[in-house]
Amino acid sequence: MDENEKRLIDLVADMEEDDALALAKELLDCGVDPLQVLALCREAMDIVGKRFEEGEYFLPELILAGEVLDQIGVMAKPLIIDSPNKPSRKLGKVLIGTVHGDLHDIGKNIVTFMLDINGFEVKDIGIDVPVSTFLDEIQAFQPQVICLSGFLTLAFDSMKETIEAIEVSGLRNGLKIQIGGGQIDETIRAYTGADAYGLNAVDAVNFCRKSTTGGE
Amino acid sequence: MSDITGETRYTEKSKRIMDAVELRPTDRVPTSFFATFWLAKYGGVSCRDLFYDYNTSCNLMRKAVIELDPDSYISPFLTMLGPSLDATGYKQLQWPGHGVSDNHSFQFLDKEYMTADEYDDFIFDPTGFYLNKYMPRVAEAYEGFAHFPVLPGNMYVTIASGPLVAQLANPEIARSFEAIQKAAQEAQSLMMKCMTFGQEMTAQGYPESFGAVAPAPLDFFGDYFRGAKGILTDIRRRPEKLIEAMEKVLVFLLRGAIGAARMTGNKFVFIPIHWGPDGFMSVQQFKTLWWPTFQRLLLGLIENDLIPVVLWEANCTSRLEIIGDIPAGKAVYWFEHTDLVKAKEVLGKTVCLRGNVPASLLTTGTPEQVDAECRRLIEKVGKDGGFILDGSIGIPDEAPVENVRAMFQSVHKYSV
Ligand code: B12
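Below or above, wherever it landed, is the structure these notes cover. Fair warning: this is a prediction, and the values are worked out from it, not measured in the lab.

### With respect to unusual backbone geometry
Residue and element names in this part refer to chain B.
Phase 1 of the analysis: The backbone of aspartate 69 sits at a positive phi, close to 55 degrees, despite the residue not being glycine.
Phase 2 of the analysis: With respect to the helices, strands and loops of the structure, aspartate 69 is situated in the loop between helix H4 (54-68) and strand S2 (72-73).
Phase 3 of the analysis: For alanine 314, which is not glycine, the phi dihedral falls at a positive 55 degrees.
Phase 4 of the analysis: By the element assignment, alanine 314 lies in the loop between strand S8 (307-312) and helix H14 (320-323).

### Structural notes on the site of the ligand
Phase 1 of the analysis: Neighbouring residues of the ligand: 39 residues in total, closest A:Leu103, A:His104, B:Phe108, B:Glu336 and B:Ile393.
Phase 2 of the analysis: The environment around the ligand is built from residues contributed by chains A and B.
Phase 3 of the analysis: Measuring from an oxygen atom of the ligand, one finds a backbone N or O atom of A:Leu103 at 2.6 Å.
Phase 4 of the analysis: Take B:Ala314: an N or O atom from its main chain is 3.1 Å from a nitrogen atom of the ligand.

### A few points about the sheet that holds strand S4 (residues 176-180) of chain A
Residues and elements named next belong to chain A.
Phase 1 of the analysis: Strand order in the open sheet formed by 5 strands is S2-S1-S3-S4-S5, with parallel pairing between adjacent strands. The two strands at the open ends of the sheet, each matched to only one other strand, are strand S2 (121-124) and strand S5 (196-198). Between one strand axis and the next, the sheet turns by 25 degrees as a mean value, whatever way the strands run.
Phase 2 of the analysis: Both strand S1 (residues 93-98) and strand S3 (residues 145-149) contribute to a ladder of 5 bridges, which runs parallel. Bridging across to S3, glycine 97 finds its partner in leucine 148.
Phase 3 of the analysis: Here helix H6 (residues 131-141) sits on the sheet in contact with S1, S2 and S3, set at roughly 165 degrees to S1.
Phase 4 of the analysis: Most of the contacts of helix H9 (residues 201-213) go to S4, to which it runs at about 175 degrees, and overall it touches S1, S3, S4 and S5.

### Topic: the coordination of the cobalt atom of the ligand
Phase 1 of the analysis: Coordination of the cobalt atom of the ligand by the protein involves just one donor, A:His104 (NE2), at a distance of 2.3 Å.
Phase 2 of the analysis: Counting through the fold element by element, A:His104 comes out in the loop between S1 and helix H5 (106-117).

### Regarding the sheet that holds strand S6 (residues 212-213) of chain B
Strand pairs in the sheet, formed through backbone hydrogen bonds, run parallel or antiparallel to each other.
Residues and elements named next belong to chain B.
Phase 1 of the analysis: Taken in spatial order, the 6 strands make up an open sheet running S6-S7-S8-S9-S10-S11, and their pairing is parallel. Edge positions in the sheet fall to S6 and strand S11 (387-391), since each has one partner strand and no second.
Phase 2 of the analysis: As paired elements, strand S7 (residues 268-273) and S8 share 6 bridges and run parallel to each other. Paired with isoleucine 273 across the two strands is tryptophan 312, which belongs to S8.
Phase 3 of the analysis: Most of the contacts of helix H13 (residues 283-303) go to S8, to which it runs at about 150 degrees, and overall it touches S7, S8 and strand S9 (332-335).

### Looking at the packing of H6(A) against helix H7 (residues 154-168) of chain A
All names here are of chain A.
Phase 1 of the analysis: In contact at an axis separation of 9 Å, H6 and H7 are set at 40 degrees when each is read in the N-to-C sense. What the angle tells us is that H6 and H7 run oblique. Handedness of the crossing formed by H6 with H7: right-handed. Facing H6, whose interface residues are Val131, Phe134, Leu135 and Ile138, H7 presents Glu161, Thr162, Ala165 and Ile166.
Phase 2 of the analysis: Across the contact of H6 with H7, the residue classes break down as 6 nonpolar, 1 polar and 1 charged.

### Some details on the pattern of salt bridges
Phase 1 of the analysis: In total, this model carries 38 salt bridges over all chains according to the counting rule given.
Phase 2 of the analysis: Of the charged contacts, one joins A:Asp29 and A:Lys25 as a salt bridge, the two residues approaching to 3.1 Å between their closest N and O atoms. Residue A:Asp29 and its partner A:Lys25 are both found in helix H2 (residues 17-29); the two are separated by 4 residues, about one turn of the helix.
Phase 3 of the analysis: Between B:Arg226 and B:Glu112 there is a salt bridge; the shortest N-O distance is 2.8 Å. You can see B:Arg226 sitting in helix H11 (residues 217-237) and its partner B:Glu112 sitting in the loop between strand S5 (107-108) and helix H6 (119-124), a full 114 residues away along the chain.

Cut-offs used in this document
- Along each chain, residue indices are assigned from 1 in the same order as the chain's sequence is written.
- All chains are assigned letters beginning with A, and all ligands numbers beginning with 1, in the order in which they are written.
- Confidence filtering applies because this is a predicted model: local features only for residues at pLDDT of at least 70, side-chain atom pairs given and counted only at 80 or more, and all residues used for totals across whole chains, interfaces and linings.
- Hydrogens and water molecules were not included; the side-chain quantities draw on all heavy atoms of the structure.
- Labels follow the DSSP assignment, with helices taken as runs of H or I lasting at least four residues and strands as runs of E lasting at least two, numbered in each case from the N terminus.
- Any residue with a heavy atom lying within 4 Å of a molecule or strand is counted as near it.
- Each polar contact in these results corresponds to two N or O atoms within 3.5 Å; when the atoms are within protein, one needs to be able to donate a hydrogen and the other to accept it, and residues that are neighboring in sequence are counted only if both atoms are side-chain atoms.
- Here, any two strands with at least 2 DSSP bridges between them count as paired.
- In this description, a line fitted to the C-alpha atoms serves as the axis of each element, helices being fitted only across the stretch in contact, and the angle between N-to-C directions of two axes falls anywhere from 0 to 180 degrees.
- The contact rule is simple, with two residues in contact once any of their heavy atoms fall within 4.5 Å.
- Water is not part of the atom set, so a site may look incomplete; the donors themselves are N, O and S atoms within 2.8 Å of the metal, or 3.2 Å for Na, K and Ca.
- What sets the label is the angle itself: under 35 degrees gives roughly parallel, over 145 gives roughly antiparallel, 65 to 115 gives roughly perpendicular, and the rest give oblique.
- Here a crossing is called left-handed whenever its near helix is offset anticlockwise from the far helix by less than a right angle, and right-handed whenever the offset is clockwise.
- Under the convention adopted here, Pro, Cys and the residues Ala, Val, Leu, Ile, Met, Phe, Trp and Tyr are nonpolar, Asp, Glu, Lys and Arg are charged, and Gly plus all remaining residues are polar.
- Salt bridge, as used here, is a side-chain nitrogen of Lys or Arg placed within 4 Å of a carboxyl oxygen of Asp or Glu.

Here you go:
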């Protein structure tokens, strides 16, 4: 890796947004493989994720890192002509969404981000997700793990309904379900019939690791 | 209900709360009743009925207060906003029958209501920004104000005639005034209803919990102007602008809360905290960005003889040392997930604590479990006074009535 490539990783990881964008543009203009630029960003994201886990970074840094990544993505993607070596280092598939009636998405987005940088193929189906959408998406995407997020007390029932519906439609087999969000604890895990609950994104990553590698 | 007079009861309850605030021992742990749409469940009516019928809300609040006998209660104002929201065409909320089902609580819509480059406009002229930009964005009734001419700089006959006055002929401005007249009448009936209800409850012996509300300066911009993504990126991208804007708005927030408290004759100012908790920013960011203007808000309220009741949402364990830097016996800190035993260790000599029977327990637990948790809190946190028992976020909308009863009865069963 040359000097500039290493610098890009540091700039993104250190939240130097303007300099990072300028350097990414420079690299792309000089003909560096856009896939390589994105790979560098990914490396930077790993550092950001680690710093978050270690309590050095918090929400502002995660959100900003996401924004920087998006902007570099916008610059790089049109330049990707053929992508023979599309990286496929995915550990397993995770479907995530905020249950119906609930619009909170910051916590869910963090979980998505952390799962993604930890090598999972994550499909985020947004907020206020109706039970039927979950069922459709499970059939289409075939995930190994479902993450339900919710912050409101009304989400307890939405989660319970969602999990019951998954059960009733016969989709629960081989599928692990984890819930999480502000008020979620063991009481609610038992109430909703989920396999596990998590207090934070690190719990989510650990649970997904356990639930996917065991089966393979 | 006992046969003591309303006046005696009122004095007794107010004294119990004030003793707790001023960190004196109390005859028993006081309670506060903080419920909104739970009233619908309690009364077997829909959230929509509650939201649109002043009498339904007031009657259910009265019934619940008399049954549960708390030492203070929250005005039903928040659960009867329906007609006012309709009249103003308010855009920042969805409410029962208007975006959410008849049986759900209203909900705030997280959006960017002020763009990043508008900080400068806000800082330069907050009133102008509100009038021309913010008000039209957040409520239909004010949309015509987007055309309201700029006033500063006018003088002499340009105030009497000419372009300034001619611009006021804009039919959209006229339409706005008309809509606002209707909204104003609705707001007046709502305020009247709340006032009469408050007086009636006072006569029955029940003090109201709050006389005013004030947001923390950073939360003010996060919740109502910039939205979640906006505020979180501002913290990194433009901290100086954010600080400048917070300084600017602090004066308005203080004046607003002091004015409202004078009008209601109630010293307690409710301050829910959204963006300060542990996970949101580093301790360093909290210390340099979040806390300084908030501390000044607290000190300003206290200097004016008001009592801030701060609801520290989520977990704030890493903030405990920092937020203890206020005069003793002048405020209430209500914690949602922060361990109150730990909070007592750090802050017990400084503030009265409030909370925090978990929402999950109140919603899905049994009355026995609720009772056991209340007992633990009363014995551990209530020791030596300075504690008000409440749910972690008040009474959750879905909590079974038996669980709520168990919470309010516990203070009569267990003493400190
Ligand atoms: C920010 C916030 C908002 C923002 C949301 C912005 C957004 N785009 O998400 C806004 C202002 C819009 C909002 C609106 C409302 N909110 Co709100 N909100 C919050 C607040 C302050 C923080 C939540 C948050 O985002 N935290 C940041 C995250 C990152 O922190 P975290 O929880 O530590 O995150 C971790 C875990 O949650 C976990 N996690 C999350 N999902 C999952 C999933 C899995 C599977 C796993 C394992 C882990 C996991 O991992 C995360 C990362 O480590 C909470 C307070 C609180 N106590 O949490 C109230 C809170 C959740 N809100 C509440 C309420 C009542 C509302 C409103 C109804 C208010 C209103 N009347 O308008 C509306 C409802 C809107 C709706 N229908 O959803 C209440 C809920 C109480 C209740 N009885 O249900 C709370 C608790 C506040 C309170 N004390 O009253 N809110």
